[in-house]
Amino acid sequence: MISEKMKGHIEAGSAIRVMFEEGKRLAQIYGPENVYDFSLGNPNVKAPDKVKKTIMDILEKEESTVVHGYMNNSGYEDVRQRVADHLNDKYGTSLDQGNILMTVGAAGGLNVMFKTLLDPGDEVIVFAPYFGEYKNYVDNYDGVLVTVPPNPPTFLPDLEAFRSSITRKTKIVILNTPNNPTGVIYSEDTIKELTKILKEKEEELQRSIYIVSDEPYRELVYEHQHIPYITKYYHNAIVGYSYSKSLSLPGERIGYLVLPKELDSYEDIVKAANVANRILGFVNAPSLFQKVVAECLDEEVDVTYYKRNRDKIYQGLSDLGFECVKPQGAFYLFLKSPMEDEKEFCKLAKEHRILLVQGSSFGCPGYVRLAYCVSYETIIASLPQFEKLAKKVFHK
C-alpha cells in the first residue's frame, strides 16, 4: 500500500502535466495542427548545432568507460572548473571547481539543496506566483512552504509582506527570475532591498537564512534586460541552473549548483550536498552531457524566436481585451482570467482546443499561464480561436 504522503500527491496531481496529456489526446482526434497547446514549457527552438556536433565528437574520441562511467558525486573536475571559469568571466565571481556541483537539472539541484539544508518544520519562503513543484520538493523533506501573496499588476515581490513572513523557522528563500509563470524579472533595486531585509533578519534572529535562486531562464531575456547575479548581493546565496531552456535540452536533465565559499557552514554544505546527490539516487549528473555542456558554455538558443512569439501573442490577446503583464524574459504569459473561476475559463478555452494552465497551480488563483514556446504557426492559428473565446467571455 502506498504512503499517505503519496496519496496526497496523487490527488493533487500536476495541472500542467494533466493538460499536456490532454493535448496529446486531442491531437489524436483533431490533428496536432488544430490543437493549441500552451500547457508545458517544452522548448520548440532546437538546440544549437554545436550540441549535436559535440555529442558525436565526444563519443568518437573519448573512451567509453570515461564517457559513460562514474565520477565524483559532484561531477567531472574539469567540467566543474570550466563552468566556474565561465561564470567568473561572465559575472565577475571568484569560483573554482569546488564551488560547482553538477546536477540532474534544476529540479535535481533544488532537491539536493533542500535535502542538505532542511530539518522537519523549517520554513521555505516563495513569492506567488511560483512554480508549483516547489511545494512538492519542500514537502519531500518535511519543510513548510510559506507563500508571500502575489503583487499584481507588476508581480514584483511585495517586500513588506516578505519581511513579515520571515520567522525563527525560516531557512530558505526561493527566487526565480525571470519568473515562471509571469516572465517578470526582479530588478537590481528589488534584489538589493530583498537582501537588505534578509541581512537584517539574520542579525535579528541570529540564524542563517539561505537564498536558493532557481535560474533556468537566465539567458532567455528580451530588450537586453539585466538580471543581477545573486551571489554578488548576498553571502548566503546558492544558484541552481539548468541547460533545459538555455540550450533546449529539457529531457537531458543537466544543470549545476553554485555553492560560494561565503556561505555560512560552507564546507559542511558542500560535503552534505555531495552526499545528498548520492543518497537521493542521482549519484551523479548525466556523464555524457556534463562533457557536452562544458564545450557549449557560450552557445545560446535563438531568443528572437521566443520574442517574436511573445510579441505576437501578447499583442493579439491585448487587442482582444485580455489583461496580462508583458514578459521580460522566459517564455510564459500570465493572463488574468476574465471569469472569476479560472478553472472554468480553462475548461471553456479547451472547448476551442486551447490548453492553458490554471493560476491556482502557481499559488495565484484568478490567472492562467500560457507557455508560448511553441511554433509561430501555432500562435497565428490560435488567435482566431482566442477571438471566439473572447466573444464568449466578454459577451461581444
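Our subject in this report is the structure included herewith. (Residues numbered from 1 in each chain as written. Predicted model: local features only at pLDDT ≥ 70, side-chain atom pairs only at ≥ 80, totals over all residues. Heavy atoms only, no water.)

### Here's the deal with the overall build of the protein chain
And then number 1: In terms of helices and strands, the protein chain carries 15 helices and 13 strands.
And then number 2: Over its C-alpha trace the protein chain gives a radius of gyration of 21 Å, about what one expects of a compact globule, namely 21 Å for 396 residues.
And then number 3: Dimensions of the protein chain, computed from the C-alpha atoms along their principal axes, are close to 65 × 55 × 50 Å.
And then number 4: If you take every contact in the protein chain between residues at least 6 apart in sequence, the share linking residues at least 24 apart comes to 74%.
And then number 5: The averaged location of the 55 negative side-chain charges in the protein chain is 3 Å from the averaged location of its 47 positive side-chain charges. (Helix = DSSP H or I, 4+ residues; strand = E, 2+ residues; numbered from the N terminus. Rg over C-alpha atoms; globule rule 2.2 N^0.38 Å. Contact = heavy atoms within 4.5 Å. Lys, Arg positive; Asp, Glu negative; His and termini not counted. Charge placed at Lys NZ, Arg CZ, Asp CG, Glu CD.)

### Remarks on the pattern of salt bridges
Charged atoms that come close allow side chains of opposite charge to pair.
And then number 1: Under the defined criterion, the tally for this structure stands at 19 salt bridges.
And then number 2: With a shortest N-O distance of 3.2 Å, Asp122 and Arg207 are connected by a salt bridge. Residue Asp122 is found in the loop between helix H6 (105-117) and strand S3 (123-127), and its partner Arg207 is found in the loop between helix H9 (188-205) and strand S6 (210-214); the two are separated by 85 residues along the sequence.
And then number 3: Note on Asp122: relative accessible area 9%, which makes it buried.
And then number 4: Note that Arg310 and Glu223 form a salt bridge whose closest N and O atoms lie 2.8 Å from each other. With a gap of 87 residues between them, Arg310 in helix H13 (residues 303-319) and Glu223 in the loop between S6 and strand S7 (237-242) connect regions that are remote in the sequence.
And then number 5: Here Arg310 falls in the buried class, since its relative accessible area comes to 1%.
And then number 6: Taking the relative accessible area as the measure of exposure, Glu223 reaches 43% and is therefore partly exposed. (Salt bridge = Lys/Arg side-chain N within 4 Å of Asp/Glu carboxyl O. Buried < 20%, exposed > 50% of the residue type's maximum accessible area, 1.4 Å probe, protein only.)

### Observations concerning the sheet that holds S3
Strand pairing in a sheet is mediated by backbone hydrogen bonds. Such pairs are either parallel or antiparallel.
And then number 1: Read across the sheet, 7 strands follow the order S2-S8-S7-S6-S5-S3-S4 without closing on themselves; strand pairing throughout is mixed. At either margin of the open sheet sits one strand with a lone partner, and together these are strand S2 (100-103) and strand S4 (144-148). Each strand of the sheet is rotated relative to its neighbour by a mean of 20 degrees, with strand direction disregarded.
And then number 2: Where S7 meets strand S8 (residues 255-258), 4 bridges bridge the pair, whose relative direction is antiparallel. Bridge pairing in S8 links Gly240 to Leu257. (Pairing = 2+ DSSP bridges. Axes fitted to C-alpha atoms, helices over the stretch in contact; angles between N-to-C directions.)

### Topic: helix H5 (residues 77-91)
And then number 1: Between its terminal C-alpha atoms H5 stretches 21 Å, which fits the 21 Å expected from 15 residues at 1.5 Å a residue.
And then number 2: Among all positions in H5, only Val79, Arg80, Val83, Ala84, His86, Leu87, Asn88 and Tyr91 are buried. (Expected span 1.5 Å × (residues − 1).)

### Brief notes about the state of the cysteines
And then number 1: The full count for this structure, using the stated rule, is 0 disulfides.
And then number 2: With no disulfide of its own, Cys373 lies 16 Å from the sulfur of Cys324, the closest cysteine sulfur.
And then number 3: Residue classification places Cys373 among the buried residues on the basis of a relative accessible area of 2%. (Disulfide = S-S within 2.5 Å.)

### Notes on the environment of Asp298
And then number 1: With respect to the element layout, Asp298 can be found in the loop between helix H12 (287-295) and H13.
And then number 2: Linking Asp298 and Phe114, residues 184 residues apart in sequence, is a C-alpha distance of 30 Å.

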